[in-house]
Structures are given as structure tokens and as C-alpha cells.
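Chain by chain, the residues:
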Amino acid sequence: LMVTPIENYEKAAVLPLGVSDLVLKPYNPELLRLRIEKALKLADSDQELQKAEARANSDPLTGLSNRAGFEKAVDAYFSQNPGGSASLLMLDLDDFKKINDVYGHPEGDRALLQISAVFKALFREQDTIARIGGDEFAVFCPSLTSSQLLAKRMESTCKRISALHFLQPLSCTIGACRSPQHGQDYSSLYLGADRALLAAKRLGKNQFQIYGEDSVS
């Protein structure tokens, strides 16, 4: 909010600078008070909208993105980077259900928080990590498409999860799909990564596969 003399009234010049309203001198104090209250209410409303959007796109337990937020992040990347290279990983925790069934959901929640912390430590700041289901996670990695680097990242993830100490042993199975060769949108990459995940599960637990390789199609 800006208070200015009439002779300095340059609305077109100041609005781009972040001024949302103008009050000209001489001004009515009561009118000024009402305008200030209105500006504060609008600011509070914007903050609430931002908080609501953040809640709608995040997992309440882990603080990671949820499925909706993850899908938006992936499609936003390709919208801003047509033809961009990236990899989408689907990660499934093996035998996680046993923790909930035997030791209860509080113990399962503690395990999920610990696993989420591992994912945050393993992946890059520019990667988007999401919890998309009870024991299902996904990671979107811009500019990571090298088969060797991708395999190394997945192998490290499997080893770190297996090394964690829980009341019930856990492992992780991963499927990955790369762009641009197998799609440039969330749906295409998700489908490929899911097929790779199913192929990895057929090999047993604590495995990983890349869609389009090792006869995964």
C-alpha cells in the first residue's frame, strides 16, 4: 500500500514494483484504515491458499509429495523442458505389510519416516520424491538417464534400505523408465516404470530393472 501526493500519482509505474493499492493525499484516515485492513486480509488469504495447495500436494506423514503433487511436478518439468531427459523410479517396500500386521501401524509409520529420510539423503535436491501409496514411493530425476548411473543409484537405494534395522527385515524393489525414449509425460513414464517394477518382482525381492532393458517391455 502506498500513500502519495496527487502530483506524484504514477499508478502504472509503481504497481509492477509490488504495490497493490494507492491512497492519494490528502486522505481520509478512516478510508486509509479500511484499505489497510483489506490489504492484510488479501495477504492472509493468499497465504492460506498457498498452505492449502501445499497440503493437497504432500503426504501428511512423511512430508514428501503425494501422488497428485508428484504427477504435477513431472508434467510441469516436461512442459518447461520439451524433449527433456529424465528418469522416473517406482519403489516398492518388500514385506512392509508384515510390520503393520505384527507390530502395529505406529511401528509402520516410524519405518516409513526412516525410509523417507534415506531417500532424501540418497537423491539430489532437484529430484522429486513422493509417497504415492501405503508402501509405494516414486522418484523423478531430471537429467538422469545413463543406464550405468541409474543402475548404480537403484543399487545403492536397495542396499541402504536392506541395511536399516527394523523389527521386521525390509528390502526394496525398484522399476525405472527413462525419457525421452519412453515418453515425455507422467502417464507414459509411470506405466513403463510400473512394468519394470513388476519384472523386478518376478526376479525376487531386493531387485531393480530398467524399462526397455533386460527384456523388460
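All figures in this text were calculated on a predicted structure; none of them were measured in a lab. (Residues numbered from 1 in each chain as written. Predicted model: local features only at pLDDT ≥ 70, side-chain atom pairs only at ≥ 80, totals over all residues. Heavy atoms only, no water.)

### Thoughts on unusual backbone geometry
Note on backbone geometry: most residues besides glycine have negative phi, and most peptide bonds are trans. Cis geometry marks the peptide bond from Ser179 to Pro180, where omega comes out at 15°. Relative to the assigned elements, Pro180 resides in the loop between β6 (171-179) and α7 (186-202). With phi around 60°, Asn206 is a residue other than glycine that occupies positive phi space. Within the secondary structure, Asn206 sits in the loop between α7 and β7 (208-210). (Helix = DSSP H or I, 4+ residues; strand = E, 2+ residues; numbered from the N terminus.)

### Remarks on a nonpolar patch on the surface
On the surface, Val102, Tyr103 and Leu167 cluster together into a nonpolar patch covering about 300 Å² of accessible area. Within the secondary structure, Val102 is located in helix α4 (residues 96-103). (Patch = residues over 30% accessible without salt bridge, like charges linked within 9 Å, V, L, I, M, F, W, Y side chains within 5 Å. Areas by Shrake-Rupley, 256 points an atom, 1.4 Å probe, with all protein chains shown as cover. Salt bridge = Lys/Arg side-chain N within 4 Å of Asp/Glu carboxyl O.)

### Observations regarding the environment of Cys158
Mapped onto the elements of the fold, Cys158 is located in helix α6 (residues 147-163). A sequence separation of 13 residues divides Cys158 from Ser171, and the C-alpha atoms of the two residues are 6.6 Å apart. Cys158 has contacts with Cys172, Ile174, Asn206, Gln207 and Phe208, leaving out every residue within four places of it along the chain. (Contact = heavy atoms within 4.5 Å.)

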